[in-house]
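Structural characterization, general
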Amino acid sequence: MLMKLLIVEDEPNLSSIIRKGFSEKNHEVSVALDGTTALDLLSNHNFDVVILDVMLPDINGIEICRRLRAAKNFVPILLLTALGSTENIINGLNSGADDYLLKPFKFLELDARVNALSRRAGQVQKPNEIITIADLQINSKTKSVSRNGDTIILTAKEFKLLYYLAINSETILSREQLLDNVWDINFEMNTNVIDVYINYLRKKIDKPYETKLIHTMKGLGYVLKL
């Protein structure tokens, strides 16, 4: 499937290599060397995937992610970063990115991850636009969540995790299943990102309410149920 890609990378040699690799596969590729140019392109054009460097000379990649998601632009974003700690990765994903790739990297892996993001974005969601579990309501079209009538603000990744738990309610999901379906299949398996995000959700979805909906099944994974 041919894609329209935006590469946001301030290192000319690296951006040239990435552009050449995807152009040889007949994808349409645009390049921005700074955050301001990237935001301008994204406000005037539609892209299938954005490959976004974190360290940019003006507006960094994290801030670009936040601005896009705040503007309800849910284009798939893959972050390129040299910062590989769990804290940095979670910060990037929490800003709205869908995946990350550590520098240095091989183009074959970048290509595989971009293809995976594009496939996921093109998948048709289940027909239930509004999912209701007890007093929790999840609207997959507006990406909004409420409980007991209270609006709950989630990041893009928190929503994606909650939505996947919800469409599989009553089913125990392992950490591996959550990594495969909410993040990328090549995500580092030794990371504790699932546990961190489950805690984020619990603070927003469960903590203020008497009835808990997110349950830990020791040694098995997590389940959303009444």
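Residues numbered from 1 in each chain as written. Predicted model: local features only at pLDDT ≥ 70, side-chain atom pairs only at ≥ 80, totals over all residues. Heavy atoms only, no water.

Observations regarding the pattern of salt bridges
What counts, and what does not: Here a salt bridge means any side-chain nitrogen of Lys or Arg lying within 4 Å of a carboxyl oxygen belonging to Asp or Glu. Secondary structure elements are defined from DSSP: runs of H or I of at least 4 residues count as helices, runs of E of at least 2 residues count as strands, and each element is numbered from the N terminus. Three labels apply to residues, based on accessible area from a 1.4 Å probe with only protein chains included: buried if under 20% of the type maximum, exposed if over 50%, partly exposed otherwise in between.
This structure, assessed with the given rule, holds 13 salt bridges. Among the ionic pairs, Arg-67 bridges to Glu-63, the shortest N-O distance being 3.1 Å. Taken together, the residues Arg-67 and Glu-63, both in helix 3 (residues 61–70) and four residues apart, mark about one turn of the helix. Residue classification places Arg-67 among the partly exposed residues on the basis of a relative accessible area of 41%.

Observations regarding the side chain of Asn-168
Just so we agree on the cut-off: Whenever a nitrogen or oxygen atom comes within 3.5 Å of another N or O atom, the pair is scored as a polar contact, on the condition that within protein one atom can donate a hydrogen and the other can accept it, and that pairs from neighbouring residues in sequence are kept only if both atoms are in side chains.
Considering the arrangement of structural elements, one finds Asn-168 in the loop between helix 6 (156–167) and helix 7 (175–182). We classify Asn-168 as buried; its relative accessible area is 18%. At a separation of 2.9 Å, a polar atom in the side chain of Asn-168 contacts the main-chain carbonyl oxygen of Tyr-164.

Some details on the packing of aromatic side chains
The test is simple: Pairing of aromatic rings covers Phe, Tyr and the six-membered ring of Trp, with a centre-to-centre limit of 6.5 Å; geometry is then stacked below 30 degrees between planes, edge-to-face above 60, and tilted otherwise. Placement of a positive charge over a ring is assigned whenever Lys NZ or Arg CZ falls within 6 Å of the ring centre and within 35 degrees of the normal to the ring plane.
A full pass over the atoms with the stated rule returns three aromatic pairs. Note on Phe-22 and Phe-107: the rings are 4.9 Å apart at their centroids and 65° apart in plane angle, and the pair reads as edge-to-face. Taken together, the residues span a long stretch of sequence, with Phe-22 in helix 1 (residues 12–23) and Phe-107 in helix 5 (residues 107–122) at a distance of 85 residues. With a relative accessible area of 0%, Phe-22 lands in the buried category. Since its relative accessible area comes to 23%, Phe-107 is described here as partly exposed. Look at Tyr-197 and Tyr-200: their rings are 5.1 Å apart centre to centre, the planes differ by 70°, and that puts the pair in the edge-to-face class. Note that Tyr-197 and Tyr-200 are positioned in helix 8 (residues 193–206) at a spacing of three residues, about one turn of the helix. Look at Tyr-197 and you get buried, because its relative accessible area is 0%. The ring of Phe-47 has Lys-4 lying over it, and the distance from NZ or CZ to the ring centre is 5.3 Å. The ring of Phe-74 carries the charged tip of Lys-143 above its face, separated from the ring centre by 5.6 Å.

Considering the UniProt feature "modified residue: 4-aspartylphosphate" (unreviewed entry) in the protein chain
The following threshold applies: UniProt positions are given in the numbering used here, feature names are shortened, and annotations may be inferred rather than shown by experiment. Residue contacts are defined here by distance: any two heavy atoms, one from each residue, within 4.5 Å place the two residues in contact.
As annotated in UniProt, the feature "modified residue: 4-aspartylphosphate" (unreviewed entry) corresponds to Asp-53 in the numbering used here. Looking at the secondary structure, you find Asp-53 in strand 3 (residues 49–53). In this structure Asp-53 comes out as buried when scored by relative accessible area, which is 3%. Among residues more than four places away in sequence, those in contact with Asp-53 are Val-8, Glu-9, Asp-10, Gly-61, Leu-80 and Lys-103.

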